[in-house]
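This is what each chain is made of:
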Amino acid sequence: MSLVLDPAAQDLLFREARTANSFTDEPVGDEQLQAIYDLVKYGPTAFNQCPLRVTLVRSPEARERLVGHLAEGNRAKTAAAPLVAILSADNEFHEELPQLMPHAPQLKDAFFSERPVREGTAALNAALQAAYFIIGVRAAGLAAGPMTGLDFEGVRKEFLDDDHTPLMVVNIGRPGPDAAFPRSPRLAYEQVVTTV
Ligand SMILES: Cc1cc2nc3c(=O)[nH]c(=O)nc-3n(C[C@H](O)[C@H](O)[C@H](O)COP(=O)(O)O)c2cc1C
């Protein structure tokens, strides 16, 4: 019989999991982040290109700089979150391809010699990895608060460089008591799925 994820684990990852807007004071350590990464790194990407990069914003000084680039409604909760990560796409991911595809190192030059091509595929695949990351945070018993309400160019200049495109900021921690509002509905299967 094939293994199926236990319904309680399905609840943890999806049915019961909420986007967190507040957190307890419990810290999130580097070893927890390492465990999350060591799980989600196995999520698939095209050509195994693995373009996601994660910048942990730990120091109070860096946190203040980041908060200044966020939309007003995202500031207070990010200032108070136990841990904050900037997720970005590495547009120079092809430099690592020989390590990531040891059986086909020639693909680096065959497919990815042009920057616009790399930017397009890195954006898609790093976004996929960001989704794996959010689910990985939940799998660790924590909650994630992803945000795109921010000045992307400001965040890029402040924390990254020309080779990295910020995707989102994610607050991470043990969820606080509040759920700001009830779970919003999702689209029904029939609204989403067509069969041809
Ligand atoms: C990529 C992404 C960007 C988001 N940006 C923001 C944001 O800037 N501010 C905010 O308060 N919530 C943001 N959210 C939270 C969503 O509104 C929330 O995940 C969605 O409504 C589902 O909520 P639930 O997980 O509680 O059901 C974002 C979520 C995602 C996945």
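Here, every reference points to the structure presented above.
Here's what I pulled together on the structure shown here. Note on numbering: residues in each chain are counted from 1, in written sequence order. The predicted origin of the model limits local features to residues at a pLDDT of at least 70 and limits the giving and counting of side-chain atom pairs to 80 or more, whereas totals for whole chains, interfaces and linings rest on all residues. Side-chain calculation: all heavy atoms of the structure are included, whereas hydrogens and water are not.

A short note on the site of the ligand
Right, on to step 1. For this purpose, a residue is taken to be near a molecule or strand whenever a single non-hydrogen atom of the residue falls within 4 Å of it. Looking at the ligand, the residues that line it are Arg18, Thr19, Asn74, Lys77, Arg138, Pro146, Met147, Thr148, Gly149, Met168, Arg183 and Arg186.
Right, on to step 2. Polar contact is the term for a pair of N or O atoms within 3.5 Å; when the atoms are in protein, one must be able to donate a hydrogen and the other to accept it, and sequence-neighboring residues count only if both atoms are side-chain atoms. One nitrogen or oxygen atom from the main chain of Thr148 is found 3.0 Å from a nitrogen atom belonging to the ligand.
Right, on to step 3. Bound to the protein, the ligand loses 64% of the 640 Å² it would expose on its own.
Right, on to step 4. The set of elements that each furnish at least two residues to the shell around the ligand consists of α4 (72-80) and β3 (143-147).
Right, on to step 5. Considering only residue class, the shell around the ligand consists of three nonpolar, four polar and five charged. For every accessible area listed, the method is Shrake-Rupley and the probe measures 1.4 Å; residues are considered covered only by the protein chains on display. Under the scheme used here, helices are H or I runs from DSSP no shorter than 4 residues and strands are E runs no shorter than 2 residues, and both carry numbers assigned from the N terminus. Three residue categories are used. Nonpolar comprises Ala, Val, Leu, Ile, Met, Phe, Trp, Tyr, Cys and Pro, charged comprises Asp, Glu, Lys and Arg, and polar comprises the others, including Gly.

Quick word on the environment of Leu124
Right, on to step 1. Note that Leu124 resides in helix α7 (residues 115-139).
Right, on to step 2. Here's how the labels work: a residue is buried when its accessible area is under 20% of the maximum for its type, exposed when over 50%, partly exposed in between, all with a 1.4 Å probe on protein chains only. Taking relative accessible area as the criterion, Leu124 reaches 55% and is therefore assigned exposed.

Observations concerning the packing of helix α1 (residues 7-15) against α7
The angle between the axes and the distance between the axes are what describe a pair of packed helices.
Right, on to step 1. The axes are straight lines fitted to the C-alpha atoms, using for helices just the contacting stretch, and the angles between their N-to-C directions are given from 0 to 180°. Orientation of α1 relative to α7, taken along the N-to-C sense of each, is 130°, at an axis distance of 9 Å. Considered as vectors, α1 and α7 are oriented oblique to each other. For the crossing formed where α1 meets α7, the hand is right-handed. Here α1 contributes Leu12, Leu13 and Phe14 to the contact with α7, which in turn contributes Ile135, Arg138 and Ala139.
Right, on to step 2. The residue inventory of the contact of α1 with α7, partitioned by class, reads five nonpolar, no polar and one charged. Roughly parallel refers to an angle under 35 degrees, roughly antiparallel to one over 145, roughly perpendicular to one between 65 and 115, and oblique to any angle outside these ranges. Rotating anticlockwise by less than a right angle from the far helix to the near helix defines a left-handed crossing, while the corresponding clockwise rotation defines a right-handed one. Contacts were defined at the residue level, with two residues in contact if any of their heavy atoms lie within 4.5 Å.

Focus on the pattern of salt bridges
Right, on to step 1. Salt bridge criterion: a side-chain nitrogen from Lys or Arg within 4 Å of a carboxyl oxygen from Asp or Glu. Per the stated rule, a full pass over the model turns up 17 salt bridges.
Right, on to step 2. As a salt-bridge pair, Glu61 and Arg65 come within 2.6 Å of each other at their nearest N and O atoms. You can see Glu61 and its partner Arg65 sitting in helix α3 (residues 60-67), four residues apart, about one turn around the helix.
Right, on to step 3. Across the pair Glu153 and Arg156 runs a salt bridge, and its minimum N-O distance is 2.5 Å. Residue Glu153 and its partner Arg156 are both found in helix α8 (residues 152-159); the two are separated by three residues, about one turn of the helix.
Right, on to step 4. Accessibility expressed as a relative area gives 39% for Glu153, which makes it partly exposed.
Right, on to step 5. Look at Arg156 and you get buried, because its relative accessible area is 14%.
Right, on to step 6. One network of salt bridges, with partners in common, ties together Glu92, Arg115, Arg118, Glu119 and Asp163.

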